[in-house]
Amino acid sequence: MSVRQKKQELLEAMQRARAMEPSSFVPNKLLDTLIQRMQLKNDAELCRVLEVQPPIISKIRHRKLNVGATILLRMHEKSNIPIRELKELTAEARTETPPTHH
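Residue numbering note: each chain is counted from 1, following its sequence as written. Restriction of local features to residues with pLDDT of at least 70 applies here, the model being predicted, together with a cutoff of 80 or more for giving and counting side-chain atom pairs; totals for whole chains, interfaces and linings are based on all residues. Remark: hydrogens and water are excluded; side-chain values derive from all non-hydrogen atoms of the structure.

The name given to the protein in an unreviewed UniProt entry is XRE family transcriptional regulator, with the source organism recorded as Massilia pinisoli.

A. Structural view of the nonpolar core. In these notes, a set of buried Ala, Val, Leu, Ile, Met, Phe, Trp, Tyr and Cys residues joined through side-chain atoms within 4.5 Å is what counts as a nonpolar core. The rule is simple: take the accessible area with a 1.4 Å probe, protein chains only, and divide by the maximum for that residue type; under 20% is buried, over 50% is exposed, in between is partly exposed. Ranked by internal contacts, the top residues of the largest apolar core, which has 19 residues, are L34, L46, I57 and M75. Per the convention used, a helix needs a DSSP run of H or I reaching at least four residues, while a strand needs a run of E reaching at least two, with both numbered from the N terminus. Per-element accounting of this core gives the leading share, 4 residues, to helix α2 (residues 28-37). We call two residues contacting when some pair of their heavy atoms lies within 4.5 Å. Dropping the residues within four chain positions of it, M75 is found in contact with L30, L31, L34, L50, V67, N80 and L86.

B. Broad picture of the packing of helix α3 (residues 43-50) against helix α4 (residues 54-61). Running from N to C, α3 and α4 cross one another at 120°; their axes reach a closest spacing of 9 Å. The orientation of α3 relative to α4 falls into the category oblique. Crossing angle aside, the handedness with which α3 passes α4 is right-handed. Two secondary-structure elements touch here, α3 through D43, L46, C47 and L50 and α4 through P54, I57 and R61. A fitted line through C-alpha atoms represents every axis, and for helices the fit uses only the stretch in contact; the resulting angles, taken between N-to-C directions, go from 0 to 180 degrees. Oblique is the label for any angle not under 35 degrees, not over 145, and not in the 65 to 115 range, which are roughly parallel, roughly antiparallel and roughly perpendicular in turn. Crossings are classed by handedness, with left-handed meaning an anticlockwise turn of the near helix from the far one by less than a right angle and right-handed meaning a clockwise turn.

C. Region of interest: the environment of I81. Locating I81 in the fold gives a position in the loop between α5 (69-79) and α6 (83-95). Residues within four places of I81 in sequence aside, it is in contact with L34, R37, H76 and L86.

Here it is as structure tokens:
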């Protein structure tokens, strides 16, 4: 199997997994709240404050990566927002209805 085929299979598996999620995870509310509360300008500043590589925040924002325990802890440590509130923001985001595409 070629690298291209393996990559295609992985992408298809990710799409199937995303389609099977009971609710859409739209992390923008969480990330935007962090940026606002920490008085940052954008995702790039958020990356610097959280000490993560820019692709991590980008992947979270574009639903290619879930907010894991490690980054949730980092968000809490840097923002002083209680973990419970961060998790609630994530839960709220998951219950929002995604925009429909025509």
